[in-house]
Amino acid sequence: MGPIEPTNAVLTGTPGTFDNGGAWLLNAIRRPDGVIVAFFHAEDHDCKPYTEWNAMGVALSRDDGVTFTKLGQIIGSPNPCQGFGGLAANTAVWDDKRQAWLAWGGSHVFMSTDPDAAPGTWRGYDTHGQFSVNLPCTNPAALAHLPGYDGRGPCQSVTWNTHLQRYLMVYQRWGNTREALVASSPDGLTWTPHGALYAAPAGEEIAYPFILGETGERSGRTAWLVYMRGPGTQPGQRRDLVRRALRFD
């Protein structure tokens, strides 16, 4: 892939709010009516001494992504100003069968049936098999750990694969910077791990891997694995953006 030149930022942190430390776009999905629903990673850095508390927010664009209006936090937990953490999600998709948004963070899954994915409409999947946990979540113990996926990793990316008729989750493990792992699920709840989708050669590391098909959230028999590779090969660049062809049988 060729060099990508930065343009004007469309999301930034807002002082005094849950994303005062920054807002980073995770994925943006265009609805049939043209509105773009964007999910972003947020960090609260206001505590003294300094901590980082994570959350997920949502923003909408009605001008083809030129500008976004933040609606607020959708997935999070109260910040105790003690240590680093926070309940958050790393990826979100629209589930056609449920006619709802699904988002995954760590070993948890969350859902909203609101087209705008607005704050106050999200619920966490509980230990009784229902989406009943209110967000922000004051009792993380009420959230279920998804079967087949333990959530011990720095990032996740999910796509619905139309050829396999399954969700594919690409993720990494803490301390393992050379492998992009993959798991699959028919419903987004119960996962089957399949090992490494790609392993980098010795001396290289990868970060933020995801599958890119017709969009970032929908793929077919052929797709791309996209990731950041380090060390970078361009002067002054820490990482390169790389893509590799995938074919699912």
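Shown above is the structure to which this text applies.
Throughout what follows, the structure given in this document is the object of discussion. Predicted model, so just to flag it, every value in this text is computed and none were measured. (Residues numbered from 1 in each chain as written. Predicted model: local features only at pLDDT ≥ 70, side-chain atom pairs only at ≥ 80, totals over all residues. Heavy atoms only, no water.)

### Quick word on the pattern of salt bridges
Inference 1: Under the counting rule described, the total for this entry stands at 11 salt bridges.
Inference 2: Between Arg98 and Asp95 there is a salt bridge, with its nearest N and O atoms 3.1 Å apart.
Inference 3: Here the salt bridges share partners, and the residues they tie into one network are Arg31, Asp33 and Asp116. (Salt bridge = Lys/Arg side-chain N within 4 Å of Asp/Glu carboxyl O.)

### Focus: the environment of Trp160
Inference 1: By the element assignment, Trp160 lies in strand E10 (residues 156-161).
Inference 2: Separated by 56 residues in sequence, Trp160 and Gly216 have C-alpha atoms that sit 9.3 Å apart.
Inference 3: Sequence-distant contacts of Trp160, that is, excluding residues within four places in its chain, are made with Gln165, Arg166, Tyr167, Pro186, Glu217, Arg218 and Ser219. (Helix = DSSP H or I, 4+ residues; strand = E, 2+ residues; numbered from the N terminus. Contact = heavy atoms within 4.5 Å.)

### Quick word on the sheet that holds strand E13 (residues 192-199)
Inference 1: Ordered in space as E13-E12-E11-E10-E15, the 5 strands form an open sheet in which the pairing is mixed. For this open sheet the edge positions go to E13 and strand E15 (218-219), each flanked by a neighbour on one side alone.
Inference 2: As judged from the 6 bridges shared by E10 and strand E11 (residues 166-173), these two strands associate in the antiparallel manner. For Thr159, the partnering residue across the bridge sits in E11 and is Leu168. (Pairing = 2+ DSSP bridges.)

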